[in-house]
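Here is what each chain is made of, one letter per residue.
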Amino acid sequence: MENLDDFVEFFEYSRKHRASGPRCYLRDFSNPFEKYSAAEFHSRFGFTQNAVKNILMPLLEPDLKATSRRGLPFPPEIMVLLTLRYFATGSFQKLDSNDMNICQQSMSRIVTRVATALAKKMKKYVKFPSRFEDVNKVKRLFYNIANFPGVIGCIDCTHIKIKNPGGLSSEVFRNSTGYFSINVQAVVGPSLEFYNMVSRWPGSTHDSFIYNHSALKQQLDSGNIQGVLLGDNDYSVSNVLLTPFLSPNSHAQEKYNQSHNMTRNVVERAFDVWKKKFPCLQEGMAIKIETVVAVVCACATLHNISLQICETLNSDEELVDLDLSQENNNSGSLFRQSLVDKYFE
């Protein structure tokens, strides 16, 4: 009985006095900005210290900064670096979370929050050029690749691997190759930058279906985007989306196909660079579908930011453009043949 009385007395004392002093926390962060050399930092996080401090942090800190100290929130710098590290590994298990005393559940919440903040910035960085001189510069750069005129972008889809999402509708995410994925449509510019991205469709969705149900098609058909896209034969040829000839029957059509393939190669290269920089896109993300979509958009945003940091494009060469206004009434096949006759004979 005496032991019980002692315990009750101790409990009452603790309850009265526990709010009077500072609470103790075991969380302790090492400083990655000081811990790693410049080369080590870049290899681990994909960006330099200066890029993180001067570009990413001003962009994201307003969305990540805690409004109170309740629960001892994570510093925004740590949240961004942990998310970049996840993008570079594709697995929570491969993260060095123990170095920062952070559990896997907290890691998952951090990645979701930072990826969502980055995804909200995508429209600012992933967009078509709008100024007349910028549009002409893009067409000029595409023309310099293989003399294909009037190109404003190259379109294709790529599959982002995910784990089996489970549930009754999980099979719609299984693609034709047999694994689970999100089918992501992207339009790429001449310097491997993303101009447009759609990342909400499950892996079983066909490329042409995604394009036909996209706002991009409406913008091209209405003339809001000036120029033509180059795509493979998963798409239907039209006045604004040109595909190769399946069976070329003239030297001019063969030249057209060769120029088309060489120019459209930028989209394959962009996907390759993108996935190598962010291996999470290949590993198979074991997170909610909504978070996968956010991660895809976040990585597209970071990809374009990375290219902008290193952008050194300059060109004053003469622009060779298409006169689209005279061809708008033609079918896609007739428009393509008229282009062959005019530019590839």
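Predicted model, so just to flag it, every value in this text is computed and none were measured. (Residues numbered from 1 in each chain as written. Predicted model: local features only at pLDDT ≥ 70, side-chain atom pairs only at ≥ 80, totals over all residues. Heavy atoms only, no water.)

## Some words on the nonpolar core
What counts here: What makes a nonpolar core is a set of buried Ala, Val, Leu, Ile, Met, Phe, Trp, Tyr and Cys residues whose side-chain atoms join them at distances within 4.5 Å. When accessible area is computed with a 1.4 Å probe and restricted to protein chains, residues below 20% of their type maximum are described as buried, those above 50% as exposed, and intermediate ones as partly exposed. Helix numbering and strand numbering both begin at the N terminus, where a helix is a DSSP run of H or I of at least 4 residues and a strand a DSSP run of E of at least 2. Any two residues whose heavy atoms approach within 4.5 Å at even a single point are treated as in contact.
Membership of the largest hydrophobic core comes to 96 residues, with the highest contact counts inside it found for Leu84, Phe87 and Trp274. Top element by residues in this core is helix α13 (residues 289-309). It accounts for 10 residues. Residue contacts for Phe87: discarding those within four places in its chain leaves Ala115, Leu118, Phe278, Pro279, Cys280, Val295, Ala298, Cys299 and Leu302.

## Details of the sheet that holds strand β4 (residues 228-230)
The criterion, for reference: We treat two strands as partners when DSSP finds at least two bridges between them.
Spatial ordering of the open sheet is given by β3-β2-β1-β4-β5, a layout of five strands whose pairing is mixed. Across the chains shown, the open sheet's two edge strands, defined by having one partner strand only, are β3 (194-202) and β5 (241-242). Sheet analysis places strand β1 (residues 151-161) next to strand β2 (residues 181-188), joined by eight bridges and oriented antiparallel. Each bridged residue has a counterpart across the sheet, and for Asp156 the counterpart in β2 is Ala186.

## Regarding the pattern of salt bridges
Any two side chains of opposite charge can pair, so long as their charged atoms come close to each other. What counts, and what does not: One speaks of a salt bridge when a side-chain nitrogen belonging to Lys or Arg is within 4 Å of a carboxyl oxygen belonging to Asp or Glu.
In total, this model carries eight salt bridges according to the counting rule given. Note that Asp134 is salt-bridged to Arg131, the shortest N-O span being 2.9 Å. Judged by relative accessible area, which is 48%, Arg131 ranks as partly exposed. Put simply, Asp272 and Lys276 hold a salt bridge, and the shortest N to O gap is 3.4 Å. Here Asp272 and its partner Lys276 are both found in helix α11 (residues 251-277), four residues apart, which amounts to about one turn of the helix. The class of Asp272 is partly exposed, set by a relative accessible area of 39%. Given a relative accessible area of 59%, Lys276 falls into the exposed group.

## Section: the packing of aromatic side chains
Here is the rule: Under the pairing criterion, centres of Phe, Tyr and Trp rings, with the six-membered ring standing for Trp, must be within 6.5 Å; the plane angle then separates stacked pairs below 30 degrees from edge-to-face pairs above 60, leaving the rest tilted.
For the coordinates displayed, the defined rule picks out 15 aromatic pairs. On the basis of an interplanar angle of 55° and a centroid distance of 6.2 Å, the ring pair of Tyr86 and Phe87 is categorised as tilted. Summarising the burial analysis for this pair, Tyr86 and Phe87 share the class buried. With a centroid separation of 5.7 Å and 85° between ring planes, the pair formed by Tyr256 and Phe344 is classed as edge-to-face. Of the two residues, Tyr256 is situated in helix α11 and Phe344 in the segment after α14 (332-343); the sequence distance between them amounts to 88 residues. The exposure classification of Tyr256 matches that of Phe344, with both residues buried.

## Comments concerning the packing of α11 against α14
Selection rule: Under this scheme, a helix contributes an axis fitted over its contacting stretch, all axes are lines through C-alpha atoms, and angles between N-to-C directions fall in the 0 to 180 degree range. Comment on the angle field: the value is read as roughly parallel under 35 degrees, roughly antiparallel over 145, roughly perpendicular from 65 to 115, and oblique elsewhere.
Relative to each other, α11 and α14 sit at 100°, their axes nearing to 9 Å. Taken together, the axes of α11 and α14 lie roughly perpendicular to each other. Across the interface between the two elements, Ala252, Gln253 and Tyr256 of α11 pack against Arg336, Gln337, Leu339 and Val340 of α14.

## Quick word on the confidence of the model for the chain
Filter applied, for reference: A residue's pLDDT is the predictor's confidence in that residue, given on a scale from 0 to 100.
Residues of the chain with pLDDT of at least 70 account for 81%, and the chain-wide mean is 84. The secondary structure element of the chain with the lowest average pLDDT is helix α1 (residues 2-17), at 56, and the one with the highest is β2, at 98. Across residues 311-319 the pLDDT falls below 50, and counting only partners more than four positions away or on other chains, this stretch makes 14 contacts in the model. A low-confidence stretch, residues 325-329 (pLDDT under 50), is modelled with five contacts involving residues beyond four sequence positions or located in other chains.

## Side note on α11
Which entries qualify depends on this criterion: In this analysis, the expected span of each helix is defined as 1.5 Å times one less than the number of residues it contains. Here the bend at a residue is taken as the angle between two axes, fitted respectively to the seven residues that end there and the seven that start there.
The end-to-end C-alpha distance of α11 is 40 Å, a good match for the 39 Å that 27 residues give at a rise of 1.5 Å each. The largest bend along α11 measures about 25° and falls at Arg264.

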